[in-house]
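Given next are the chains, with one letter for each unit.
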Amino acid sequence: GYEASALFGVGVPKNTPKEIIEKLNREINAILAEPDMKKRLVELGGEPLIQSPDEFGEMIKAETEKWRKVVEFAGLKVE
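Bear in mind that the values here come from a model prediction, so they are computed numbers and not experimental data. Counting restarts for each chain: residues are numbered from 1 in the order of the written sequence. The predicted origin of the model limits local features to residues at a pLDDT of at least 70 and limits the giving and counting of side-chain atom pairs to 80 or more, whereas totals for whole chains, interfaces and linings rest on all residues. The side-chain quantities take in all heavy atoms of the structure and omit both hydrogens and water.

A. Quick look at the overall build of the chain. Elements are defined by DSSP. Helices are runs of H or I of four residues or more, strands are runs of E of two residues or more, and each kind is numbered from the N terminus. Across its full length, the chain holds three helices and zero strands. The dimensions of the chain, computed from C-alpha atoms along their principal axes, are 45 × 35 × 20 Å. Whether a residue is buried, partly exposed or exposed follows from its accessible area with a 1.4 Å probe, protein chains only, as a fraction of its type maximum: under 20%, in between, or over 50%, in that order. Split into buried and exposed, the 79 residues of the chain put 5% on the buried side. About 7,100 Å² of surface is accessible on the chain, with carbon and sulfur atoms providing 59% of the total. Method for areas: the Shrake-Rupley scheme with a 1.4 Å probe, in which residue coverage is limited to the protein chains shown.

B. Here's a closer look at the side chain of glutamine 51. Inspection of the secondary structure puts glutamine 51 in the loop between helix H2 (35-43) and helix H3 (53-74). Exposure remark for glutamine 51: the relative accessible area of 19% places this residue in the buried category. Excluding its chain neighbours within four sequence positions, the residues that come into contact with glutamine 51 are Asn25, Asn29, Phe56 and Met59. We call two residues in contact whenever any of their non-hydrogen atoms come within 4.5 Å of each other.

C. View of the layout of surface pockets. A cavity here means a set of points on a 1 Å grid, drawn over the protein atoms and nothing else, where a 1.4 Å probe fits but cannot get out; a pocket is an open set with protein on both sides within 12 Å along at least five of seven lines, and a residue lines either one if it has an atom within 4 Å of a point. Grid points are joined across faces, edges and corners, and a volume is the space filled by probe spheres set on the points. If you add up the space inside the largest pocket, you get close to 1,100 Å³. Lining the largest pocket are 31 residues; nearest its centre among them are Leu7, Phe8, Gly9, Val10 and Phe56. The set of elements that each furnish at least two residues to the lining of the largest pocket consists of helix H1 (18-33) and H3. Per-element accounting of the lining of the largest pocket gives the leading share, six residues, to H1. Amino acid classes used here: Ala, Val, Leu, Ile, Met, Phe, Trp, Tyr, Cys and Pro are nonpolar; Asp, Glu, Lys and Arg are charged; the rest, including Gly, are polar. Its residues assigned to classes, the lining of the largest pocket shows 17 nonpolar, ten polar and four charged.

D. View of the packing of H1 against H2. Closest axis-to-axis distance for the H1/H2 pair is 5 Å, and the angle between their directions is 75°. Viewed along their axes, H1 and H2 adopt a mutual orientation that is roughly perpendicular. Counting all contacts with H1, which are made through Ile31, Leu32 and Ala33, the residues of H2 involved are Pro35, Met37, Lys38 and Leu41. With axes taken as lines fitted to C-alpha atoms, and helix axes fitted only over the stretch in contact, angles between N-to-C directions fall between 0 and 180 degrees. Oblique is the label for any angle not under 35 degrees, not over 145, and not in the 65 to 115 range, which are roughly parallel, roughly antiparallel and roughly perpendicular in turn.

What follows is the structure in structure tokens.
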């Protein structure tokens, strides 16, 4: 009863100015929205997610929590 998938995204250092983050997000989302790019990503088995930086951050938090529970249930330890 679990689901596993790969997630790819772009991150920047914590103190990167908001204007730079917004510009990167705008440009990356524009590329992901291009029909040829969307088509190619789908052909490769991907699903382009056009999100805001905050939405992406929330997704990362949710994934981290999900996998934390799996690690704990399995009795694994991070080294």
